[in-house]
Amino acid sequence: MKLVIYNLNADGTIPEYITDGGYLATSNSNPSPQDLDLVGVAIDAAPQSGFANEVALLAYAQEKNFTFKDPITEEVIPLETVVSSIWSKLG
């Protein structure tokens, strides 16, 4: 398993090589429904290269300026915590 950046298929479905995803969505210039870059867990045979490690995923998230807040308290959740949670999906 590996974490990759992917887009939905042209018909809006999730690529078959993605087992868990929809994380760290960012807009791109593609037409809908492929207008978001998403991070997800993929099988090893997925066509994309995966993030090398958790540090690389954190760097990507920092580059995209993600901010996460607790929906109840509105406190900012450290990006490291969010990335670690996503990385842990690799098992």
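Heads up: the structure comes first, above all this text.
First, a word on what this report is: a plain description of the structure on this page. (Residues numbered from 1 in each chain as written. Predicted model: local features only at pLDDT ≥ 70, side-chain atom pairs only at ≥ 80, totals over all residues. Heavy atoms only, no water.)

## Let's talk about helix H2 (residues 79-87)
Then, in step 1: Looking at H2, one finds that the buried residues are Leu 79, Val 82, Val 83, Ile 86 and Trp 87. Taken around the axis of H2, the buried residues stretch over an arc of 135 degrees, which confines them to a single face.
Then, in step 2: In this structure, the buried residues of H2 make contact with strand E1 (2-6), strand E2 (18-27), helix H1 (54-63), strand E4 (68-69) and strand E5 (76-77). (Buried < 20%, exposed > 50% of the residue type's maximum accessible area, 1.4 Å probe, protein only. Helix = DSSP H or I, 4+ residues; strand = E, 2+ residues; numbered from the N terminus. Arc of directions from axis to C-beta. Contact = heavy atoms within 4.5 Å.)

## Some points on H1
Then, in step 1: Every buried residue of H1 is accounted for by Leu 57, Leu 58, Tyr 60 and Ala 61. Down the axis, H1 shows its buried residues gathered within 160 degrees of arc, on one side only. For H1, exposure combined with an orientation more than 90 degrees from the buried face picks out Val 55 and Glu 63.
Then, in step 2: Here the buried face of H1 lies against E1, E2, strand E3 (36-42) and H2.
Then, in step 3: Between a side-chain oxygen at the N-terminus of H1 and the backbone nitrogen of Val 55 the separation is 3.2 Å; the capping residue is Asn 53. (Polar contact = N/O pair within 3.5 Å; in protein donor to acceptor, adjacent residues only side chain to side chain.)

## Some details on the pairing of E1
Then, in step 1: Counted residue by residue, E1 has four buried out of five residues, so it is predominantly covered.
Then, in step 2: Summarising the sheet, E1 and E3 pair through five bridges and their orientation is antiparallel. The partner of Val 4 across the bridge, within E3, is Gly 40. (Pairing = 2+ DSSP bridges.)

## Quick word on the packing of H1 against H2
Then, in step 1: Where H1 meets H2, the closest approach of the two axes is 10 Å, and the angle between their N-to-C directions is 130 degrees. Of the possible angle classes, the one that applies to H1 and H2 is oblique. Seen from above, H1 lies across H2 with right-handed handedness. When H1 is examined against H2, the residues Glu 54, Leu 57, Leu 58, Ala 61 and Gln 62 are found in contact with a partner set consisting of Leu 79, Glu 80, Val 83, Ser 84, Ile 86 and Trp 87.
Then, in step 2: For the contact of H1 with H2, the residue count by class is seven nonpolar, two polar and two charged. (Axes fitted to C-alpha atoms, helices over the stretch in contact; angles between N-to-C directions. Parallel < 35°, antiparallel > 145°, perpendicular 65-115°, else oblique. Left-handed = near helix turned anticlockwise from the far one by under 90°. Nonpolar A, V, L, I, M, F, W, Y, C, P; charged D, E, K, R; others polar.)

## A word on the environment of Thr 13
Then, in step 1: You can see Thr 13 is positioned in the loop between E1 and E2.
Then, in step 2: When its relative accessible area of 36% is taken as the criterion, Thr 13 is described as partly exposed.
Then, in step 3: Placed 75 residues apart in sequence, Thr 13 and Ser 88 show a C-alpha to C-alpha distance of 24 Å.
Then, in step 4: In terms of polar contacts, Thr 13 uses its side chain to reach the side chain of Asp 11, at 2.6 Å.

## Regarding the sheet that holds E2
Then, in step 1: Judged by pairing direction, the sheet is antiparallel, and its three strands sit side by side in the order E1-E3-E2 without closing on themselves. The open sheet has two free edges, formed respectively by E1 and E2, since each of these has just one partner strand. Strand-to-strand twist of the sheet, defined as the mean angle between neighbouring strand axes without regard to direction, takes the value 25 degrees.

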